[in-house]
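Listed below are the residues making up each chain.
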Amino acid sequence: MGHSVSTARSARSPEKVRAHRNLLIASSTALYLCLAIGVVPSQRAYAQTEVTNFNVPAQPLRSALLAYSAQSKVQVAIPDELVEGKNAPAVTGALSNEQALQTLLGGSGVSYEFVSPRAARLIGLQRQSLLSQRPRLAENTSMRASPSLPLTANTPEELVVTGTRIKGAGPVGSEVVTLNREQISESGRTTTADVIRSIPQNSGLGAAEAARGNFGSAIPNTGYGTGANLRGLGPDATLTLINGRRMAPAGQGSFVDVSQIPVSAIEKIEVVLDGASAIYGSDAVAGVVNLVLRRDFEGLETTGRYALANGFRQITAGQSVGTHWEGGGAFLSYEFFHQTHLAAEKRSYVTDDLRAFGGPDLRVAFGNPGTIAANGTTYAIPSGQNGVGLSVQRLIPGTVNLSDTKRGTDILPDQERHSVVATASHDLTDRIRVYEESFYSRRAFNSRVAEQTGTISVPSTNPFFVSPAAGARTVSIQYAYGNDIGNSVQKGVQENYTITPGVSIDVGGSWRADLYGSYSADIASGVTGNRINTFLLASALADTNPATAFNPFGAGSQTSSATLARILGYTSDTTTTYRVASGNAEVGGDLIELPAGKVKLVSGVEYRKEQFRSESFNYSSTPQPVQTALTEKRRRVTAAYGELLVPLVGEATGTTGLHTLELSIAGRAERYSDFGRSENPKVGMRWRPISDLEFRGSWGTSFKAPFLRQLNESTNLILVTTIPDPRSASGRSSVLFLSGGNAQLKPETAETWSAGFDLRPRFLPGLTLGVTYFSVDYRDRIQSLSTGELGVLLQNPSAFASAVRLSPSASDVQALYGSPQFSPTSTKPPASQIAAIVDGRPLNLSVVQQRGLDVSLAYNFVGLGGDYGVVGGMTYIPTYDVARTPAASATDRSRTIGFPLEISARAGITWRDGNWNAAGFVNYQSGYQNTLVTPAASVDAWTTVDASVAYRTDDDRRWLGGMRFTVGIQNLLNRKPPVVIDTVHSVAYDPEQGSPIGRVVSLTIQKRW
């Protein structure tokens, strides 16, 4: 597999030095390769003098600069205020990188400065004039930024593309998808979560506000958050970063909630579609999503947005301010966001009664009026009466009153969010820069969920008592409380904040050191309220006073409001806190110089502390609130990492068929205080046989650490239960069942590799075509046995060997009986009657093998009436094999509900002409099989259309100057999601793959001051 994982129990073995040894071996191997090639003195071949065959068509300046960066491998920081509304001429043919950049910027009022061999920054003419008045730097430091200019955290000298830690270079061998601010605006999407959903490689499976771990996901999402989920491997297998840094996860430590991040504060979104644990550590199995926030901004910007759909609306208001001073700069952004709830009654396919869609009637036998159960039959209480003087003769025998659990509920919650982003930096000297990055978000949610139902026992002392059984002392009623108290309500608050101060030091030559600390926390509190406390209800049912007794015999609500208020309680009043504190030290620069270019090295160390705490109270069946759970778990993580970029062949030394060749080697070793070590390498290669064509490939291993909550054993429980057993004469056998956490968990591990190419033909300027084949072999995935698997466990015990121990010895049974975790209410049959010990705790069980193909296309050209762009992206996953345990045979789950779609695609066209621009996109999701019904049913493919139109006013129009008006439409044709009979959640659509919102029309007004 290429990675190694060892447990804390073997920490004294010789393997304890592998972490450092592997890094030394990787670095030494690459260094030896460089020396073997021959290190000879050469002239400094800076990137601006290198010749590149450019094919950049005339287009908006921002897009032209992005194309320039992709072709020249020179990173350019692009401030909005310098490029917005400006166009660039075409640049074609063999030019030096500096000549090409001069041509693109000609007549734009924008100049530039190369601040490192592979990085440049744009400068307004006024600031360029200021720069020209200052003394020039010495020859040997001419590539560093002038201290007279603000060196903010995203200047090209410091610019790091996601997927690598080497500054001024992109990841070698890995596929990277980037969405800049212009593309985000053109998408018509109004939230960060919606923008990420539009990426074809992102799957809707897992954590989303409308599908909170829908099909048996282990991801808790009581706070209605949304997590990125690359390749459909789970939100916990995608590492989400902000400005390249970790932030505290939501969902009890399971995923980063991207819905907390204001879209107005995002400069770009970078997505690495490759395993990246060698660079970032845990969780980067499917890839990395990096939300890069705006920082290099000067002026004021006010944003207002209103979005409307049938029964649903969103309001956004934001203010950003940025400033520069000599040697520094600062940026501050605030955003307010509010969305109304989307009621189930607004969507016909959200109902228990699925008969209209070809499904069953799943309404429950708990209603209002209720249903009496007596004498072995049911008696429906009639409607149209108040329960006073109700006689047995009026009861309707053999029938039940049904209720729809979706009645009065919300599909999407009411949410309100306040977010603040602040960054600042200042050059203390020409070598030392201090900086600070901070983020805060507070999101409150409120959602109506199913009304409370239950079977209540009414004593004969109740003044409204009636029973078909003569002389009965009690009567049972199947009852729904919605008419009395309304629906139950889930409400809560989620706060997340991150503070990152740091210092960047020029340590000499090209070498820089970055030292920073980070503290982040996610604090979530929530409660399910408007619930009947059954302990208090019992006294109200026994009350003999008609004015204060609870009356369940009428239709509608027939109980006094004072009584109802007196018996209210709640469930799951939970506060969960996840804190992450880290310290990081990193140094990088040019190691040696080869004929092909400079060998770059980055190495660093990291120390991280994580703390998880969850406390729950319940007031549903006791006279006073009681604490039902308290979980607290901590871990410490130490890491060392290194990354080496080796140019084997450069443009100056290349030949036909070997234009350029680069090699990247990375490794990371981590030690966790709770489970041990994980060591992960990665190798990437980039080869350009000709200037138009680039081949790339990568191989590496990744891992995901167990959640802290999964390792917690403080609430473990052991009990005796019975499950189906074909070997038993009775058809069932007793087993000892273990539940709770598992401190013996190992990390999940994965081996990933990819290979692809990028084509930019000179004969068709503006065209870029990318194709990538990817493979993921994901093992030791942490899961628990499902309820359905318990039913077949003893039919095929060999398939569940890691979770089942057949015919346990008497001593093993007695040891579990004597455990303090054994339930005091459980029976203790003789050991000979225990057929098996079943481990229902989280275990390293399943194996996933995924194979697929990504295709991307971009073509920019000048046509009739303006500049056009054609863009498209598709991911194709023909193979998704799942083995529930290592001993079980694999099953192909592609094209199956609850698993990644076989094909996800998005394609569109953009148009720009002067102050106008427009865009249209088509989204496609392939069909699949719904295995929740028997026989399995086919689900139709789903195609939707998005569109946007924007107009920008000229800056010289006084109050109307610098304004941008954008009208966006998602799901233009108002296509409903395909019909899916979901008998688990009683709806007629798939919340993980289809949106219930429908057509959304938005208006965004933005003003630059």
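Just so we're clear, the structure is a prediction, and the values are computed from it rather than from any experiment. (Residues numbered from 1 in each chain as written. Predicted model: local features only at pLDDT ≥ 70, side-chain atom pairs only at ≥ 80, totals over all residues. Heavy atoms only, no water.)

So, the overall build of the chain
Part 1 of the argument: Scanning the chain for helices and strands turns up 14 helices and 50 strands.
Part 2 of the argument: A total of 1009 residues make up the chain; the buried ones form 56% of that total.
Part 3 of the argument: Long-range pairs, those at least 24 residues apart, make up 72% of the contacts in the chain between residues at least 6 apart in sequence.
Part 4 of the argument: Working note: accessible area of the chain is about 39200 Å², and carbon and sulfur atoms make up 56% of it. (Helix = DSSP H or I, 4+ residues; strand = E, 2+ residues; numbered from the N terminus. Buried < 20%, exposed > 50% of the residue type's maximum accessible area, 1.4 Å probe, protein only. Contact = heavy atoms within 4.5 Å. Areas by Shrake-Rupley, 256 points an atom, 1.4 Å probe, with all protein chains shown as cover.)

Some details on the pairing of strand β33 (residues 676-690)
Part 1 of the argument: Relative to β33, strand β32 (residues 660-672) runs antiparallel, the two being bridged by 13 bridges. Counted as the bridge partner of threonine 660 is arginine 688 from β33.
Part 2 of the argument: Between the end of β32 and the start of β33, which pair antiparallel, lie 3 residues.
Part 3 of the argument: Bridge count between β33 and strand β34 (residues 693-704): 7 bridges; the pairing is antiparallel. Paired with lysine 682 across the strands is glycine 700, a residue of β34. (Pairing = 2+ DSSP bridges.)

Description of the packing of aromatic side chains
Part 1 of the argument: This structure, assessed with the given rule, holds 20 aromatic pairs.
Part 2 of the argument: Here the aromatic rings of tyrosine 570 and tyrosine 619 are separated by 5.6 Å at their centres, their planes lie at 55°, and the arrangement is tilted. Of the two residues, tyrosine 570 is situated in strand β29 (residues 568-594) and tyrosine 619 in strand β30 (residues 597-619); the sequence distance between them amounts to 49 residues.
Part 3 of the argument: Among the aromatic residues, those joined into a cluster by ring pairs are Tyr479, Tyr481 and Phe550.
Part 4 of the argument: Above the face of the tyrosine 516 ring, arginine 245 is positioned so that its terminal group lies 3.9 Å from the ring centre.
Part 5 of the argument: Residue placement shows lysine 1007 over the ring face of tryptophan 1009; its charged tip is 5.0 Å from the ring centre. (Phe/Tyr/Trp six-rings, centres within 6.5 Å; stacked < 30°, edge-to-face > 60°. Lys NZ or Arg CZ within 6 Å of the ring centre and 35° of its normal.)

Some points on the sheet that holds strand β25 (residues 453-459)
Part 1 of the argument: Spatial strand order, β21-β20-β19-β26-β25: 5 strands in an open sheet with antiparallel pairing. Both outer strands of the open sheet, β21 (396-397) and β25, are each paired with one neighbouring strand and no more.

Things to note about the environment of glycine 253
Part 1 of the argument: Take glycine 253: it is sitting in the loop between β12 (238-242) and β13 (266-272).
Part 2 of the argument: Sequence separation of glycine 253 and leucine 708 is 455 residues, and the distance between their C-alpha atoms is 7.5 Å.
Part 3 of the argument: Those residues within four positions of glycine 253 in sequence are excluded, and the remaining contacts are Tyr578 and Phe707.

A short note on the sheet that holds strand β36 (residues 732-739)
Part 1 of the argument: The strand order β35-β36-β40-β39 describes an open sheet built from 4 strands, whose pairing is mixed. Each having just a single partner strand, β35 (717-724) and β39 (804-806) make up the two edges of the open sheet. For this sheet, the mean angle separating the axes of adjacent strands, direction not counted, is 25°.
Part 2 of the argument: In the sheet, β39 pairs with strand β40 (residues 834-839) via 3 bridges, with the strands oriented antiparallel. In the sheet register, arginine 805 faces β40, and the bridge partner there is isoleucine 837. (Axes fitted to C-alpha atoms, helices over the stretch in contact; angles between N-to-C directions.)

Thoughts on empty space enclosed by the protein
Part 1 of the argument: Here the structure, examined in full by the defined rule, presents 13 cavities of 30 Å³ or more.
Part 2 of the argument: The calculated volume of the second largest cavity comes to roughly 330 Å³.
Part 3 of the argument: Surrounding the second largest cavity, 25 residues form its lining, Arg246, Pro249, Gly253, Asp283 and Tyr578 being those nearest its centre.
Part 4 of the argument: Tallying contributions element by element places β12 first for the lining of the second largest cavity, with 3 residues.
Part 5 of the argument: In terms of residue class, the lining of the second largest cavity is built from 13 nonpolar, 6 polar and 6 charged. (1 Å grid on protein atoms, 1.4 Å probe; cavity = no way out; pocket = protein on both sides within 12 Å on 5 of 7 lines; lining within 4 Å. Points joined across faces, edges and corners; volume = space filled by probe spheres on them. Nonpolar A, V, L, I, M, F, W, Y, C, P; charged D, E, K, R; others polar.)

Considering a nonpolar patch on the surface
Part 1 of the argument: Taken together, the side chains of Leu300, Val321, Leu332, Tyr334, Val420, Tyr440, Trp959 and Trp1009 make up a nonpolar region of the molecular surface, amounting to roughly 770 Å² of accessible area.
Part 2 of the argument: Counting through the fold element by element, tryptophan 959 comes out in the loop between β48 (942-952) and β49 (963-970).
Part 3 of the argument: The exposure class assigned to tryptophan 959 is exposed, which follows from its relative accessible area of 64%. (Patch = residues over 30% accessible without salt bridge, like charges linked within 9 Å, V, L, I, M, F, W, Y side chains within 5 Å. Salt bridge = Lys/Arg side-chain N within 4 Å of Asp/Glu carboxyl O.)

Looking at the nonpolar core
Part 1 of the argument: If you look at the biggest cluster of nonpolar residues, it comprises 34 residues, and the most contacted ones within it are Leu233, Ile261, Ile269, Val289, Leu291 and Tyr778.
Part 2 of the argument: Going through the elements one at a time, α7 (192-197), β13, β14 (287-293), β38 (767-783) and β42 (866-883) are the ones with two or more residues in this core.
Part 3 of the argument: Listed in part, the 26 residues of the second largest apolar core include Ala374, Val458, Tyr479 and Phe550. (Core = buried A, V, L, I, M, F, W, Y, C linked by side-chain atoms within 4.5 Å.)

What to know about the packing of helix α2 (residues 61-72) against helix α4 (residues 97-105)
Part 1 of the argument: Relative to each other, α2 and α4 sit at 175°, their axes nearing to 11 Å. One finds that α2 runs roughly antiparallel with respect to α4. Residues Leu61, Ala64, Leu65, Tyr68 and Ser72 of α2 touch α4, and the partners they reach there are Asn97, Glu98, Ala100, Leu101, Leu104 and Leu105. (Parallel < 35°, antiparallel > 145°, perpendicular 65-115°, else oblique.)

With respect to α4
Part 1 of the argument: Listing the buried residues of α4 in full gives Asn97, Ala100, Leu101, Leu104 and Leu105. Viewed along the axis of α4, the buried residues span an arc of 125°, placing them on a single side of the element.
Part 2 of the argument: Glycine 107 occupies a position one or two residues after α4 and carries a positive phi of about 75°. (Arc of directions from axis to C-beta.)

A short note on the environment of methionine 874
Part 1 of the argument: Among the structural elements, methionine 874 can be located in strand β42.
Part 2 of the argument: Using a relative accessible area of 26% as the deciding quantity, one classes methionine 874 as partly exposed.
Part 3 of the argument: Put simply, methionine 874 and alanine 905 are 31 residues apart on the chain and 4.1 Å apart in space, counted from C-alpha to C-alpha.
Part 4 of the argument: With sequence-adjacent residues up to four places away left out, methionine 874 is seen in contact with Pro200, Gln201, Leu853, Asp854, Val855, Ile903, Ser904 and Ala905.

Describing the side chain of glutamine 1006
Part 1 of the argument: For glutamine 1006, the location among the structural elements is in strand β50 (residues 1000-1008).
Part 2 of the argument: Apart from the residues lying within four places of it in its own chain, the contact partners of glutamine 1006 are Arg181, Glu301, Thr302, Thr303, Gly962, Met963 and Arg964.

Side note on the confidence of the model for the chain
Part 1 of the argument: Of the residues in the chain, 90% have a pLDDT of 70 or more, and the chain-wide mean is 87.
Part 2 of the argument: Low confidence marks residues 4-46, where pLDDT is under 50. Its contacts with residues over four positions away, or in another chain, come to 64 contacts.
Part 3 of the argument: Segment residues 126-158: pLDDT under 50, and 87 contacts once partners within four positions in sequence are set aside and those in other chains are kept. (pLDDT = per-residue confidence, 0-100.)

Quick word on the pattern of salt bridges
Part 1 of the argument: As enumerated under the stated definition, the model contains 49 salt bridges in all.
Part 2 of the argument: For arginine 635, the salt bridge identified is with aspartate 674, shortest N-O distance 2.8 Å. Placement of arginine 635 in strand β31 (residues 626-649) and of aspartate 674 in the loop between β32 and β33 is noted, with a sequence separation of 39 residues between them. Accessibility classification places arginine 635 together with aspartate 674 in one group, the buried group.
Part 3 of the argument: One salt bridge connects glutamate 902 with arginine 895, and the closest N-O pair in it is separated by 3.1 Å.

What about the side chain of threonine 576?
Part 1 of the argument: As for its placement among the helices and strands, threonine 576 is situated in strand β29.
Part 2 of the argument: A relative accessible area of 9% places threonine 576 in the buried class.
Part 3 of the argument: With near-sequence residues (within four places) excluded, threonine 576 lies in contact with Gln252, Asp522, Ile523, Ala524, Phe612, Arg613 and Ser614.

As for unusual backbone geometry
Part 1 of the argument: Here the bond from asparagine 368 into proline 369 is cis, since omega is 5°, no more than 30 degrees from zero.
Part 2 of the argument: Along the chain, proline 369 falls in the loop between β18 (342-343) and β19 (371-374).
Part 3 of the argument: Residue proline 935 follows threonine 934 across a cis peptide bond; omega there is -5°.
Part 4 of the argument: Inspection of the secondary structure assignment puts proline 935 in the loop between β46 (928-930) and β47 (937-939).

Examining helix α14 (residues 810-817)
Part 1 of the argument: Here α14 has its buried residues at Val813, Leu816 and Tyr817. Projection of α14 onto a plane perpendicular to its axis shows the buried side chains occupying an angular sector of 105°, all on one side.
Part 2 of the argument: Those residues of α14 that are buried lie in contact with β35, β36 and β40.

Observations concerning the environment of tyrosine 519
Part 1 of the argument: Mapped onto the fold, tyrosine 519 is located in strand β28 (residues 511-532).
Part 2 of the argument: Since its relative accessible area comes to 32%, tyrosine 519 is described here as partly exposed.
Part 3 of the argument: Taking the C-alpha atoms as reference, tyrosine 519 lies 9.0 Å from glycine 583; in sequence the two are 64 residues apart.
Part 4 of the argument: Those residues in contact with tyrosine 519, other than ones at most four positions away along the chain, are Tyr497, Thr498, Ile499, Arg579, Val580 and Ala581.
Part 5 of the argument: A polar contact is formed between the side chain of tyrosine 519 and the side chain of arginine 579, at a distance of 3.0 Å. (Polar contact = N/O pair within 3.5 Å; in protein donor to acceptor, adjacent residues only side chain to side chain.)

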